[in-house]
Amino acid sequence: MNFSRMPKLRIGDLEVEKPIIQGGMGVGISMSGLASAVANKGGIGVISSVGMGMMIPGRGKKAREDNRNLLIEEIRKAKNMSGGIIGVNIMVALTDYDDMVKLSLDENVDILFLGAGLPLRFSKDISLTQLRETRTKFVPIVSSARAAHIIFKFWQKNFNRIPDGVVVEGPLAGGHLGFKKEQIYDLDFALEKIVPDVLITIHQYEERFGREIPVIAAGGIYTGEDIHKFLELGVQGVQMATRFVATYECDASDEFKQSYIRCKKEDITIIDSPVGLPGRAIRNRFLDEVSAGARKPFICPWKCLKTCDFKEAPYCIAKALVNAQKGEFEEGFTFAGENAYRVDKIVSVKELFATLANEYSQALATREAAIV
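In short, a report on the structure. (Residues numbered from 1 in each chain as written. Predicted model: local features only at pLDDT ≥ 70, side-chain atom pairs only at ≥ 80, totals over all residues. Heavy atoms only, no water.)

**Some points on helix H12 (residues 349-371)**
The end-to-end C-alpha distance of H12 is 33 Å, a good match for the 33 Å that 23 residues give at a rise of 1.5 Å each. Taken together, the buried positions of H12 are Val349, Leu352, Phe353, Leu356, Ala357, Tyr360, Ala363 and Leu364. Packing partners of the buried residues in H12 comprise strand E3 (20-22), helix H1 (32-40), helix H7 (224-233), strand E11 (237-240) and helix H8 (242-245). (Helix = DSSP H or I, 4+ residues; strand = E, 2+ residues; numbered from the N terminus. Expected span 1.5 Å × (residues − 1). Buried < 20%, exposed > 50% of the residue type's maximum accessible area, 1.4 Å probe, protein only. Contact = heavy atoms within 4.5 Å.)

**A look at the packing of aromatic side chains**
Inspection of the entire model under this criterion finds 13 aromatic pairs. On the basis of an interplanar angle of 65° and a centroid distance of 5.7 Å, the ring pair of Phe122 and Phe138 is categorised as edge-to-face. Of this pair, Phe122 sits in the loop between strand E6 (111-115) and helix H4 (128-133) while Phe138 sits in strand E7 (residues 137-142), and the two are 16 residues apart along the sequence. Residue classification places Phe138 among the buried residues on the basis of a relative accessible area of 1%. What links up through ring pairs into an aromatic cluster is the set Phe122, Phe138, Phe154, Trp155 and Phe159. Directly above the ring of Phe353 sits Lys18, whose terminal nitrogen or CZ lies 5.4 Å from the centroid. (Phe/Tyr/Trp six-rings, centres within 6.5 Å; stacked < 30°, edge-to-face > 60°. Lys NZ or Arg CZ within 6 Å of the ring centre and 35° of its normal.)

**Concerning the nonpolar core**
Side chains of a nonpolar character, in soluble globular proteins, are inclined to be buried together. Ranked by size, the top nonpolar core spans 110 residues in total, and within it Phe122, Ile227 and Phe333 carry the most contacts. Top element by residues in this core is helix H5 (residues 145-159). It accounts for seven residues. For Phe122, the contacting residues outside a window of four places in its chain are Tyr97, Asp98, Val101, Leu114, Leu131, Phe138, Trp155 and Phe159. Residues Ile11, Val46, Val139 and Ala218 belong to the second largest nonpolar core, which totals 15 residues. (Core = buried A, V, L, I, M, F, W, Y, C linked by side-chain atoms within 4.5 Å.)

**Notes on unusual backbone geometry**
Omega for the peptide link from Gly26 to Val27 comes to 0°, which places this bond in the cis form. One non-glycine residue, Ala116, lies in the positive phi region at around 55°. Looking at the secondary structure, you find Ala116 in the loop between E6 and H4. Classification of Ala116 by relative accessible area gives partly exposed; the value is 38%. Phi is positive for Asn160, close to 55°, though the residue is something other than glycine. Locating Asn160 in the fold gives a position in the loop between H5 and strand E8 (166-169). Among the residues examined, Asn160 registers a relative accessible area of 57% and is labelled exposed.

**Details of the pattern of salt bridges**
Under the definition given, this model contains 17 salt bridges. Measuring nitrogen to oxygen at the nearest pair gives 2.6 Å for the salt bridge that ties Asp110 to Arg135. Highlighted residues: Asp110 in the loop between helix H3 (97-106) and E6 and Arg135 in the loop between H4 and E7, separated in sequence by 25 residues. Classification of Asp110 as buried rests on a relative accessible area of 11%. Assessed through its relative accessible area of 39%, Arg135 is described here as partly exposed. The closest approach of N and O atoms between Arg367 and Glu232, which form a salt bridge, is 3.2 Å. Of this pair, Arg367 sits in helix H12 while Glu232 sits in helix H7; the two residues are 135 residues apart in sequence, bridging distant segments of the chain. A relative accessible area of 42% places Arg367 in the partly exposed class. A relative accessible area of 46% places Glu232 in the partly exposed class. One connected set of salt bridges, linked through shared partners, spans Lys8, Arg10 and Glu15. (Salt bridge = Lys/Arg side-chain N within 4 Å of Asp/Glu carboxyl O.)

**What about the environment of Gly33?**
One can find Gly33 in helix H1. By relative accessible area, which is 21% here, Gly33 ends up partly exposed. A sequence separation of twelve residues divides Gly33 from Gly45, and the C-alpha atoms of the two residues are 9.4 Å apart. For Gly33, the contacting residues outside a window of four places in its chain are Met81, Glu249 and Asp251.

Structure representation (structure tokens):
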């Protein structure tokens, strides 16, 4: 495996051997197993904090407490299994967002990736001193240069510090999307179009604060050639999620992984999520029934997402995703990126990194030959 010509990713004082971040995937898809495996191969492994407590059957209102305890457990397990860099992905839209951030800081995770909303506030339990002095790096996930500017400007004014990096996620990502439905396939909103504007915005803060702030591209990045393409555009790293689902180390059930292998291009669809956002998923009978107007009766054990109107929602998305994680697709479905249909086999994380390295090297060689 030759990553020697691929630049390292630096986030503050963290040096990442390979500029590849494994995206956080809930519910229960990227936990300590996958995160530690990626970290052990020199990338950044990421645990998703979303809805772990829902994975314990019959817990009802205690799911929130379980979510907290399980995240602590998963962070500690990942650290025990790896000496590499471990991050946690937290959705700003979570009702337990404050709890997840605080406990992640207390557990000294390396990086917090904050998405599904703008991280413009923190709990009073997190002091400005802790926010400024923590060794944990903050990396918000945005879908536009405007969003990046709002976050960085707010942090500068209110916290006297700025985030340590930023992930810019395009409309080809899996799961909930930060775009309107009509923007998803509009080329004006393609990741290639968004990245340059984000780079310009972040460069202003680099000059103002006198330090490097890495921009990381995400959403639809699938091959080593894609990695090379976006590094050439000027980003310092990439985030990939879909490609890591079909690995032995992924924490999902084998049936969940097989849903990626079985799906065809036409099966990848955009849904209206109960949380008020469009999302990308693999079409199945469950989604067809919902699309036809069927309601899936449920009792909301705890309002896990701020934007979910559980009284009107046709189904509980957290429960549906938990069912999918277990391979129970009669009452669930899988989120997936635009390129999920390209997955044709399950490999180890080690094999995946080797494949990406070879693809990157080939793209680099082609580029150098064209220049000569």
